[in-house]
Amino acid sequence: MTGRPPITSLPTEPFVYDYPGAHDAVTYELENRIADPDARIEAFMDRLLAMDGLVVADVGAGGGYHAVRYAQRAAHVFAVEPAARMLIQLHRRIAAEPETVGARVSVLAAGAEAIPLPDGSVDLLHSRLAYFFGPESSRVRSCEPGIAEALRVVRPGGQIVIVDNDLREGDFAAFLREFGYAADEPGLADRLDDFWAAHGFTGTTVMSEWRAPSRKALARVLAMEFGERSAEAILARVDGSRFRYAYRLYHRER
Ligand SMILES: C[S@@+](CC[C@H](N)C(=O)[O-])C[C@H]1O[C@@H](n2cnc3c(N)ncnc32)[C@H](O)[C@@H]1O
């Protein structure tokens, strides 16, 4: 071919952030069990819009831990996920409960940038620690295409809730500032708040915790997230098997 290709032939493959949990389903499941064990995030979303009987989209649904949980209350949940290994975990979880919640979850093998749902078809769009990591940074590309897509699929009056890590409050924020992605990006917390505010989102900190059944379990999950060496250093700062974990929720009405 000579010259520039027409714009319609540009690749539509999503940009996929390869999360380690896709390669280690057991540790990833453990992490979801110890993270936010009292479901404070869900309680916060309920105050914005109770999901009972609603159509929910979980974007970057991973192994479906939250999508299946939400399907206990929602009318239907669309679990949007692009990574092949995650899709296997997701299908396996749904297949385990075919008669009940599984029947109310549809898997959409897609990225946040192109969600195969009609305009205004979703009441509540939730995305937890997936894809929506703010402006272009060392972590990922800008998530602006996904924001436009979220605004398209959610109906007027519906809610969008993006769950990110809080980089200011709690023990986990301190770990991220010393050992994680926030270490290389001073001022990131403010830049993220500014980015989301510019797109009409309000930032709210939800204080929660990680509560593991044992230090061994906690060490395993920390090693997946931070690598073995940093996990050891973090564990030395933790008494027992729990610590304070703050989430930063960016939310807006459509
Ligand atoms: C840290 S995991 C979180 C998964 C899930 N939300 C949870 O809380 O268990 C990040 C997820 O984002 C997915 N992801 C990566 N790139 C994505 C994209 N372009 N659009 C939507 N999701 C994406 C990954 O495959 C992975 O499942």
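As a reminder, the structure under discussion sits directly above these lines.
A brief look at the structure comes next. Just so we're clear, the structure is a prediction, and the values are computed from it rather than from any experiment. (Residues numbered from 1 in each chain as written. Predicted model: local features only at pLDDT ≥ 70, side-chain atom pairs only at ≥ 80, totals over all residues. Heavy atoms only, no water.)

### Focus: the site of the ligand
The condition is simple: Being near a molecule or strand, for a residue, means having at least one of its heavy atoms within 4 Å of it. In the analysis that follows, any N or O atom pair within 3.5 Å is treated as a polar contact, provided that within protein one partner can donate a hydrogen and the other can accept it, and provided that, for residues neighboring in sequence, both atoms belong to side chains. For accessible areas, the Shrake-Rupley method is used with a probe of radius 1.4 Å. Any residue's cover is judged against the shown protein chains and nothing else. Lining residues are defined by having an atom within 4 Å of a point belonging to a cavity or pocket. Those points lie on a 1 Å grid over the protein atoms alone, cavities being sets where a 1.4 Å probe fits but cannot get out and pockets being open sets with protein on both sides within 12 Å along at least five of seven lines. Molecules are considered to sit inside a cavity or pocket once more than half of their atoms lie within 2 Å of its grid points. Only Asp, Glu, Lys and Arg are considered charged, only Ala, Val, Leu, Ile, Met, Phe, Trp, Tyr, Cys and Pro nonpolar, and every remaining residue, Gly among them, polar.
As a matter of local geometry, the ligand sits amid 21 residues, with F15, Y28, G60, E81 and A112 nearest to it. F15 is positioned with one of its backbone polar atoms (N or O) 2.7 Å from a nitrogen atom of the ligand. Measuring from an oxygen atom of the ligand, one finds a side-chain N or O atom of E81 at 2.6 Å. Expressed as a share of its isolated accessible area of 600 Å², the protein-covered part of the ligand is 96%. Among the cavities detected, the one that contains the ligand is the largest pocket. Taken together, the residues of the shell around the ligand sort by class into 13 nonpolar, five polar and three charged.

### Section: the packing of helix α1 (residues 25-34) against helix α8 (residues 215-226)
Going by this rule: To define axes, lines are fitted to C-alpha atoms, for helices over the stretch in contact only, and angles between the resulting N-to-C directions are given on a 0 to 180 degree scale. Helix and strand definitions here come from DSSP, where helices need a minimum of 4 consecutive H or I residues and strands a minimum of 2 consecutive E residues; each element is numbered from the N-terminal end. The cut-offs work like this: below 35 degrees is roughly parallel, past 145 is roughly antiparallel, 65 to 115 is roughly perpendicular, and the gaps in between are oblique. Handedness of a helix crossing follows the sense of rotation of the near helix relative to the far helix, less than a right angle counterclockwise being left-handed and clockwise being right-handed. Two residues qualify as a contact provided that any one of their heavy atoms is within 4.5 Å of a heavy atom in the partner residue.
For the pair α1 and α8, interaxial distance at closest approach is 9 Å and the crossing angle is 110°. Judged by the angle between their axes, α1 and α8 are roughly perpendicular. Our pair here, α1 against α8, has a crossing hand that is left-handed. Contacts between α1 and α8 involve V26, T27, Y28, L30, E31 and I34 from the former and A217, L218, R220, V221, M224 and E225 from the latter. In terms of residue class, the contact of α1 with α8 is built from eight nonpolar, one polar and three charged.

### Digging into the side chain of T27
Our working definition: Classification of residues uses two cut-offs on accessible area relative to the type maximum, computed with a 1.4 Å probe and protein chains only: under 20% is buried, over 50% is exposed, and between them is partly exposed.
Structurally, the position occupied by T27 is in helix α1. Residue T27 is classed as buried on the basis of its relative accessible area of 2%. At a separation of 2.6 Å, a polar atom in the side chain of T27 contacts the side chain of D24. Those residues in contact with T27 that sit more than four places away from it in its chain are R220, V221 and M224.

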